[in-house]
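Architecture at a glance
Chain by chain, the residues:
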Amino acid sequence: MSLLDAFASLGKNINKLGGKQTLDTEQGIVSEKFPELKLEMENKDLLKLTQQWEGVWNKSDVKQKWETRCDENEKYWLGNHFDRPELDKSRPQIDNAIFEALETYLPRITRRNPEPMVELDQDVDQTPENQKYAKDLQKELAEIADELKLRLKLKKVGRHWAIYLLGAVKYGWDMNKDIPTIKAIRAKKLILDPTCTIDEDGYTGEYIGEYRKIGAGMLIKTLDKIGGEAKASEVIKGLVKEDLGTEIQFIEWWTDEYMCWTLGDNVLLKKKNPHWNYETTTPGESTMDEFGNETPGPETTVEGHNHFEIPKKPFGFLTVFNLGKQPMDDTSLIGQNLAGQDRVNKRIKQIDRNADSMNNGIVVSLSRSGLTQEQAANVTTALRKGGVVSIPDGAPRDAIDRMSAEGLPADIYNDLADTRRRISDIFGTSGMTPQGQNSERTVRGKIMNTNLDTDRIGGGVSEYLEQFADEAFNWMVQLLYVYDDEFASMPDKPDVSVSVKEGSLLPKDSTTIANQAIELASAGKMSTIDLYKKLDYPNPEELAANVWLEVNAPDVLYGSDPRVAQVIQRQQASAANANARPPSESISFKDLPPEGQAQMAKQAGIDLNPEALAAYADAEAVKVADIKAKEIQSNPPVIPQTQ
């Protein structure tokens, strides 16, 4: 999917909600009055605007309710389901089914790496040079994704989304590695527009703020390098004095066109969106007339080449259960299972309490046993240790008795198992856990359960993650065009469409994929290297090369083994001796004398008499001579007459 969304700007605020309590159908002004951020604004006006943005976010009901739900989700994920006295240092007796379901869910949706795909736009000439450019760019994106550990970042974003109802990343350029970078950030560190939402086209708000922390010394160096405000360094030094290692927290504000840094009542930096190639103007060559007057030539404007159609805020968001009322999700998988987790904890408490009461409590009758209160305590201790207790008179049961609670009904245990299963069902992991597999008696039933969960997850969060990775690859291309010297200086770059291979993030069963690959390879429909890739071997290229060498050049593959080297030398020596022998001469049987013919026949297992062979040869010679004589008599030669 391409991010060339020129038409998106036409409906940019289509999903924008009203102010604090306005209705969707109200007309007129439905939000706070904000001026547009521009670089020409005075610093005091810029501060007033950003402080107004921050105040609206902090005072909004959206933020208050969202933070409460985030804290509750995080507490349940960690297992802190109930508040205990501070003096109680014991671990809570709970069964954290939410953690189990989520941490089974996340590896499933992030099991495979997203595969980038780069294709030329339809209106671009399909020349070999352009096709090579697209192929090289696709390879570059795959290498960057591997360097950035994109798969792990997707898993982190997915965990943030599940707990905080919103996953967020920030795109930028790594000055140390000189490659694009993607950083997963907690959404609580962001300042959003509470009247906007996040849909399939992205964030619809006009601004985003981020709380950032940088050491004072590094912050001063950064501002000096990129051109901060005049008194920015003095403001920072005034805060930390000589302790430049102290961390300074400030707010970084972004719109599509501009960005700025604010610290309290001070503006540290303001500039245009740095992730965009703006047009540049080059002065023309001046000319000199006959009177020595210099006339400047016409200026040349060069338009910057970008992958995006318009500048963008360098943030990406993951939402799934969003109704278009607010930037974050309206509900979450954890939120839907809080009641189920409480029910599981309640049932476990009941079972634990009943088990404790069944631990044979002892009741002592002081009057019938003749014991005092202190002696009765010693009796109970002795009985628990297997000791002997004597009573003066009567039956032991009349003086001392053990009290045991009755067992809980089976409905309690069935309800606990059903509630835990419902939590897995809501997450879509009931067929992926050992308990879900054990409940099915047949292999076909196990496979069907797993496939049903896989289809549900694949059509849900995996699809959103795939689009999330799609946007990440497009941002990589834009950052390469801006910051990478090779791509930035490359003339006449063709327009490309960058996307993720459809279905590359869908959860797939490894056993089924392996069986299909083996069948294709056995039928000759798949190469050896592709087979090893499907089987997820770590070095498929090396394995495929070894297979080819074993068939065609085993001496290259096994030459390092001294035993193999010895056999190779022996084979080479045998071949050299065979080449040194003279060529063999063949003699016909009939050309041999009688004695030779008898010897050759004897080698073949036939005994012949040399004299008989000689007589036979003489008889044959006489026959041949008679035949020739008869031919001469019938056809006498013509003798020429002598003059």
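Structural notes, computed from the coordinates. Keep in mind the model is a prediction, meaning the values are calculated, not measured. (Residues numbered from 1 in each chain as written. Predicted model: local features only at pLDDT ≥ 70, side-chain atom pairs only at ≥ 80, totals over all residues. Heavy atoms only, no water.)

**Structural notes on the overall build of the chain**
Rule in force here: Secondary structure counts use DSSP, requiring at least four H or I residues in a row for a helix and at least two E residues in a row for a strand, with both numbered from the N terminus. Contacts were defined at the residue level, with two residues in contact if any of their heavy atoms lie within 4.5 Å. Note on areas: these come from Shrake-Rupley sampling with a 1.4 Å probe, and a residue is covered only by the protein chains present in the view.
Across its full length, the chain holds 23 helices and 16 strands. When contacts within the chain are restricted to residue pairs at least 6 apart in sequence, long-range pairs at least 24 apart make up 68% of them. In the structure as shown, the chain presents an accessible area of about 40300 Å², 51% of it carried by carbon and sulfur atoms.

**As for the sheet that holds strand β9 (residues 258-263)**
Short version of the rule: For two strands to be treated as a pair, DSSP must find at least two bridges joining them. Here an angle of 0 to 180 degrees is reported between the N-to-C directions of two axes, which are lines fitted to C-alpha atoms, with helices fitted over the stretch in contact.
The strand order across the open sheet built from five strands is β4-β7-β8-β9-β10, with neighbouring strands paired in antiparallel fashion. Edge positions in the sheet fall to β4 (190-191) and β10 (266-272), since each has one partner strand and no second. Of the strand pairs in this sheet, strand β8 (residues 247-254) and β9 are connected by four bridges, and their pairing is antiparallel. Counterpart to Trp254 in the pairing with β9 is Met259. Most of the contacts of helix α1 (residues 43-59) go to β10, to which it runs at about 95 degrees, and overall it touches β4, β7 (208-215), β8, β9 and β10.

**Regarding the pattern of salt bridges**
The condition that has to hold: Any carboxyl oxygen of Asp or Glu within 4 Å of a side-chain nitrogen of Lys or Arg constitutes a salt bridge here. Only protein chains enter the accessibility calculation, which uses a 1.4 Å probe; a residue whose area is less than 20% of its type maximum is buried, one above 50% is exposed, and one in between is partly exposed.
Applying the stated criterion across every chain yields a total of 15 salt bridges. Glu252 is the partner of Arg212 in a salt bridge, and the nearest nitrogen-oxygen pair spans 2.5 Å. In this pair, Arg212 sits in strand β7 while Glu252 sits in strand β8, placing the two residues 40 residues apart along the sequence. The class of Arg212 is partly exposed, set by a relative accessible area of 24%. Taken together, the shared-partner salt bridges connect Lys170, Glu210, Arg212 and Glu252 into one network.

**Brief notes about helix α15 (residues 461-483)**
Rule in force here: Multiply 1.5 Å by the residue count of a helix minus one, and that product is the helix's expected span.
Under the 1.5 Å per step criterion, the end-to-end length of α15 is 33 Å for 23 residues, consistent within 8% with the ideal 33 Å. Most of α15 is tucked away: 18 of the 23 residues are buried.

**Let's talk about the pairing of strand β3 (residues 179-185)**
When you tally the buried positions in β3, you get five out of seven residues, the bulk of the element. Bridge analysis of strand β2 (residues 167-174) against β3 gives seven bridges, and the strand direction is antiparallel. Looking across to β3, one finds that Gly172 is bridged to Thr181. Counted along the chain from β2 to the antiparallel partner β3, the turn is four residues long, and its residue Asp178 has a positive phi close to 60 degrees.

**A closer look at the packing of aromatic side chains**
Basically, it comes down to this: A pair of aromatic rings is counted whenever rings of Phe, Tyr or Trp (Trp by its six-membered ring) have centres within 6.5 Å, and the orientation is called stacked for planes under 30 degrees apart, edge-to-face for over 60 and tilted otherwise.
As enumerated under the stated definition, the model contains 14 aromatic pairs in all. Ring plane angle 40 degrees and centroid distance 5.7 Å describe the contact between Tyr203 and Phe317, whose orientation is recorded as tilted. One end of the pair, Tyr203, is in strand β6 (residues 202-203); the other, Phe317, is in strand β13 (residues 315-318), with 114 residues separating them in the sequence. Among the residues examined, Phe317 registers a relative accessible area of 12% and is labelled buried.

**Side note on the environment of Val62**
Tracing the chain through its elements places Val62 in helix α2 (residues 61-78). Ignoring any residue separated from it by four or fewer positions in sequence, one finds Val62 in contact with Pro194, Gln326, Pro327 and Met328.

**Digging into the packing of helix α5 (residues 150-164) against α15**
Where we set the bar: Every angle not falling under 35 degrees, over 145, or within 65 to 115 is termed oblique; those three ranges are roughly parallel, roughly antiparallel and roughly perpendicular. By definition, turning the near helix anticlockwise from the far helix through less than a right angle yields a left-handed crossing, and turning it clockwise yields a right-handed one. Basically, the charged four are Asp, Glu, Lys and Arg, the nonpolar ten are Ala, Val, Leu, Ile, Met, Phe, Trp, Tyr, Cys and Pro, and anything else, Gly included, counts as polar.
Where α5 meets α15, the closest approach of the two axes is 11 Å, and the angle between their N-to-C directions is 130 degrees. Our classification of the angle between α5 and α15 gives oblique. Classified by chirality, the crossing of α15 by α5 is right-handed. Contacts between α5 and α15 involve Leu150, Leu154, Val157 and Trp161 on the former and, on the latter, Val461, Leu465, Phe468, Ala469, Phe473 and Met476. Taken together, the residues of the contact of α5 with α15 sort by class into ten nonpolar, no polar and no charged.

**Focus: the sheet that holds β13**
Pairing between the strands of a sheet comes from backbone hydrogen bonds, and it takes one of two forms, parallel or antiparallel. Strand order across the open sheet formed by three strands is β3-β2-β13, with antiparallel pairing between neighbours. Both edges of this open sheet fall to β3 and β13, since each of them pairs with a single strand only. Within the sheet, the average angular offset between the axes of one strand and its neighbour, ignoring direction, is 25 degrees. In the sheet, β2 pairs with β13 via four bridges, with the strands oriented antiparallel. Across the sheet, Lys170 pairs through a bridge with Phe315, a residue of β13. Along the sheet, α15 contacts β2, β3 and β13; its crossing angle with β2, the most-contacted strand, is approximately 20 degrees.

**Focus: the packing of helix α6 (residues 216-226) against helix α7 (residues 232-240)**
When two helices pack together, their arrangement is given by the angle between the helix axes and the distance between those axes. Between α6 and α7, whose axes approach to 10 Å, the crossing angle comes to 175 degrees. By the angle between their axes, α6 is roughly antiparallel relative to α7. Only Ala232, Ser233, Ile236, Lys237 and Val240 of α7 make contact with α6, whose side of the interface consists of Ala216, Leu219, Ile220, Leu223 and Asp224.

**What to know about the nonpolar core**
Stated formally: By nonpolar core is meant a set of buried Ala, Val, Leu, Ile, Met, Phe, Trp, Tyr and Cys residues that side-chain atoms within 4.5 Å join together.
Core analysis: the largest hydrophobic core is formed by 104 residues, its most contacted members being Leu137, Leu219 and Phe317. Sort the elements by how many residues they give to this core and α15 lands first, with twelve residues. If we ignore the near neighbours within four places in the chain, the residues touching Leu137 are Val118, Val477, Leu480, Tyr481, Phe487 and Val496. Counting seven residues, the second largest nonpolar core, distinct from the first, contains Ile362, Val364, Ala376 and Ala399.

**Details of unusual backbone geometry**
The phi angle of most residues is negative, glycine excepted, and most peptide bonds adopt the trans form. Positive phi, close to 60 degrees, is recorded for Asp178, a residue that is not glycine. Inspection of the secondary structure assignment puts Asp178 in the loop between β2 and β3. In this structure, Lys241 takes a positive phi of about 60 degrees despite not being glycine. By the secondary structure assignment, Lys241 is in the loop between α7 and β8.

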